[in-house]
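Given next are the chains, with one letter for each unit.
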Amino acid sequence: QVQLVESGGGLVQPGGSLRLSCAASGFPLADYAIGWFRQAPGKKREEVSCISSSDSSTYYADSVKGRFAISRDNAKNTAYLQMNSLNTEDTARYYCAYGIVCNGLDAWGQGTLVTVSS
């Protein structure tokens, strides 16, 4: 079964940090681009970050640039999103996705909820 499982979400205070994980099974993550998206109630889904499979180039949304970092560990078949300096605007369910290129991420995981609140 091809599957992506996100984990690492939870409740964190403003200014805090979390690291999200995206564990892949049923396919080699090393062969694909991996992206992170988020969606909050009443808002459209937003692409947060992506990392290419070819040259490991990265993309970040302006809203998270300088605070978030995407990475991958091909040996563990897992991708990560390190989130620092979190604020309430980061509250959302975070999803990972994979595809041939960052411009075509079609398959999604189930998401993990991040709540930033004091």
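Quick note: structure is the one above.
Read on for a plain summary of the structure. Everything numeric in this text was worked out from a predicted model, so none of it was measured. (Residues numbered from 1 in each chain as written. Predicted model: local features only at pLDDT ≥ 70, side-chain atom pairs only at ≥ 80, totals over all residues. Heavy atoms only, no water.)

Another aspect to go through is the overall build of the protein. In terms of helices and strands, the protein carries zero helices and 11 strands. Ordered by position from the N terminus, the helices and strands of the protein form the series β-β-β-β-β-β-β-β-β-β-β. Its C-alpha atoms give the protein a radius of gyration of 13 Å, within 12% of the compact-globule value 13 Å for 118 residues. Counting the 118 residues in the protein, one finds 43% classified as buried. Long-range pairs, those at least 24 residues apart, make up 55% of the contacts in the protein with a sequence separation of at least 6. Total accessible area on the protein stands at roughly 6,100 Å², and carbon and sulfur atoms take up 47% of it. Here the protein contributes 10 positively and 10 negatively charged side chains, and the mean placements of these two sets differ by 5 Å. (Helix = DSSP H or I, 4+ residues; strand = E, 2+ residues; numbered from the N terminus. Rg over C-alpha atoms; globule rule 2.2 N^0.38 Å. Buried < 20%, exposed > 50% of the residue type's maximum accessible area, 1.4 Å probe, protein only. Contact = heavy atoms within 4.5 Å. Areas by Shrake-Rupley, 256 points an atom, 1.4 Å probe, with all protein chains shown as cover. Lys, Arg positive; Asp, Glu negative; His and termini not counted. Charge placed at Lys NZ, Arg CZ, Asp CG, Glu CD.)

Next up on the list: the nonpolar core. In terms of nonpolar packing, the biggest core is built from 28 residues, with Trp36, Phe68, Leu81, Met83 and Tyr94 touching the most fellow members. Among the elements of the structure, β3 (18-25), β4 (33-39), β5 (46-51), β7 (68-73), β8 (78-83), β9 (92-99) and β11 (112-116) are those that each provide at least two residues to this core. Grouped together as the second largest cluster of nonpolar side chains are five residues, Phe37, Cys50, Ala97 and Leu105 included. (Core = buried A, V, L, I, M, F, W, Y, C linked by side-chain atoms within 4.5 Å.)

Attention now goes to unusual backbone geometry. Here the phi dihedral of asparagine 77 falls at roughly 55°; this positive angle occurs in a residue that is not glycine. Mapped onto the secondary structure, asparagine 77 falls in the loop between β7 and β8. With a phi close to 50°, serine 85 is a non-glycine residue in the positive phi region. Positionally, serine 85 belongs in the loop between β8 and β9.

This paragraph deals with the pairing of β5. Relative to β5, β4 runs antiparallel, the two being bridged by five bridges. Across the sheet, the residue bridging to phenylalanine 37 is glutamate 47, located in β5. In sequence, β4 turns back onto β5 through a hairpin of six residues, with glycine 42 there showing a positive phi of about 80°. Across three bridges, β5 lies against strand β6 (residues 58-60) in antiparallel orientation. Its bridge partner being in β6, cysteine 50 is matched across the sheet by tyrosine 59. Adjacent in sequence and paired antiparallel, β5 and β6 are bridged by six residues, among which serine 56 carries a positive phi angle near 60°. (Pairing = 2+ DSSP bridges.)

With that out of the way, let us pick up the sheet that holds strand β1 (residues 3-7). Across the sheet, which stays open at both edges, the four strands sit in the order β1-β3-β8-β7 with antiparallel pairing between neighbours. Each end of this open sheet is capped by a strand with a single partner; those strands are β1 and β7. With strand direction ignored, the average angle separating the axes of adjacent strands in the sheet is 15°. In the sheet, β3 pairs with β8 via six bridges, with the strands oriented antiparallel. Counted as the bridge partner of alanine 23 is threonine 78 from β8. (Axes fitted to C-alpha atoms, helices over the stretch in contact; angles between N-to-C directions.)

Once that is clear, we can look at the side chain of arginine 38. Relative to the assigned elements, arginine 38 resides in strand β4. The class for arginine 38 is buried, based on a relative accessible area of 6%. Among the polar contacts made by the side chain of arginine 38, one reaches the side chain of tyrosine 94 at a distance of 2.9 Å. When residues no more than four places from it in sequence are discounted, the contact partners of arginine 38 are Lys44, Arg45, Glu46, Val48, Ser63, Val64, Phe68, Glu89, Asp90, Ala92, Arg93 and Tyr94. (Polar contact = N/O pair within 3.5 Å; in protein donor to acceptor, adjacent residues only side chain to side chain.)

That is the geometry; function is a separate question.
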